[in-house]
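Residues per chain, in single letters:
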Amino acid sequence: GDSVTQMEGPVTLSEEAFLTINCTYTATGYPSLFWYVQYPGEGLQLLLKATKADDKGSNKGFEATYRKETTSFHLEKGSVQVSDSAVYFCALFPPLDKLIFGTGTRLQVFP
Amino acid sequence: KAGVTQTPRYLIKTRGQQVTLSCSPISGHRSVSWYQQTPGQGLQFLFEYFSETQRNKGNFPGRFSGRQFSNSRSEMNVSTLELGDSALYLCASSPGASGTDTQYFGPGTRLTVL
């Protein structure tokens, strides 16, 4: 079945470092891909999305490109801040189906 | 526009009791989905409702049920609570049927079963 694999955390970085969180997926159709972020004690917030191959989603300095050839949707940010500390979830959404989430990657950014 | 709201935010119950959680979607959204989040199992899909009809269902026992009202508000019920039902229950709404529509999440209801 369809699935999402995320890199294990925690990812620990210093402020202003470059961030990459890997996400790969397995899907039989043409799913949309999402990154959600969860801050402590809160629900999920949509960070960015891409609905077709080669689309690039971006928001708040974060970017991810829908790569069909490598079945990947890696999250990147050029310079992280302490306020980016959270858990990041990659998810795929097959048409007429349900959101399938990865296990989440905790990011810790230190000053 | 107001976001997705969930009530209550926190709930403590004992084994064997039942519980009802409520979700109000973003105005104009017709689809509501429910998810369970636990440290061990992560985020798991429970069910989705669209225009008062259940469109999709995850792999949960029949103790978990839901419904949607004509104003798109949704409720989720868990009967005969077990310790393992302790979790954060998240509701998400989207404008239309599942697919490319983005799902917007509420803050969740944290259920603790003692």
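The structure displayed is predicted, hence computed values, not measured ones.

> What exactly am I supposed to notice about the pattern of salt bridges here?
Any two side chains of opposite charge can pair, on the condition that their charged atoms come close. Counting across every chain of the model gives 8 salt bridges over all chains. Of the charged contacts in the structure, one is a salt bridge between Asp55(A) and Lys52(A), with a shortest N-O distance of 3.3 Å. Here Glu82(B) ties to Arg63(B) by a salt bridge, and the two come within 3.6 Å at their closest N and O atoms. Of the two residues, Glu82(B) is situated in the loop between strand 8 (74-78) and strand 9 (87-94) and Arg63(B) in the loop between strand 6 (53-57) and strand 7 (64-68); the sequence distance between them amounts to 19 residues. Residue Glu82(B) is classed as partly exposed on the basis of its relative accessible area, which comes to 42%. Through salt bridges that share partners, Arg63(B), Glu82(B) and Asp85(B) make up one connected network.

> Teacher, can you tell me more about the confidence of the model for chain B here?
Detail in the predicted coordinates should be disregarded across regions flagged by low pLDDT. Looking at chain B as a whole, its pLDDT mean stands at 93, while 96% of the residues score no less than 70. Strand 3 (residues 19-24) of chain B holds the highest mean pLDDT among the elements of chain B, 98, whereas strand 6 of chain B holds the lowest, 91.

> Hey, could you run me through the packing of aromatic side chains in this one?
The way to describe two aromatic rings as a pair is by their centre distance and the angle between their planes. As enumerated under the stated definition, the model contains 13 aromatic pairs over all chains in all. With a centroid separation of 5.6 Å and 40° between ring planes, the pair formed by Phe62(A) and Tyr88(A) is classed as tilted. In this pair, Phe62(A) is assigned in strand 8 (residues 62-65) and Tyr88(A) in strand 10 (residues 86-93), connecting sequence segments 26 residues apart. Look at Phe101(A) and Phe105(B): their rings are 6.1 Å apart centre to centre, the planes differ by 70°, and that puts the pair in the edge-to-face class. Linking Phe101(A) in strand 11 (residues 100-101) with Phe105(B) in strand 10 (residues 104-105), this pair reaches from one chain into another. Here the two residues Phe101(A) and Phe105(B) agree in accessibility, since each one is buried. Taken together, the ring pairs in this structure connect Phe34(A), Tyr36(A), Phe89(A), Phe93(A), Phe101(A), Tyr35(B), Phe45(B) and Phe105(B) into an aromatic cluster.

Calculation criteria
Residues numbered from 1 in each chain as written. Chains lettered and ligands numbered in written order. Predicted model: local features only at pLDDT ≥ 70, side-chain atom pairs only at ≥ 80, totals over all residues. Heavy atoms only, no water. Salt bridge = Lys/Arg side-chain N within 4 Å of Asp/Glu carboxyl O. Helix = DSSP H or I, 4+ residues; strand = E, 2+ residues; numbered from the N terminus. Buried < 20%, exposed > 50% of the residue type's maximum accessible area, 1.4 Å probe, protein only. pLDDT = per-residue confidence, 0-100. Phe/Tyr/Trp six-rings, centres within 6.5 Å; stacked < 30°, edge-to-face > 60°.

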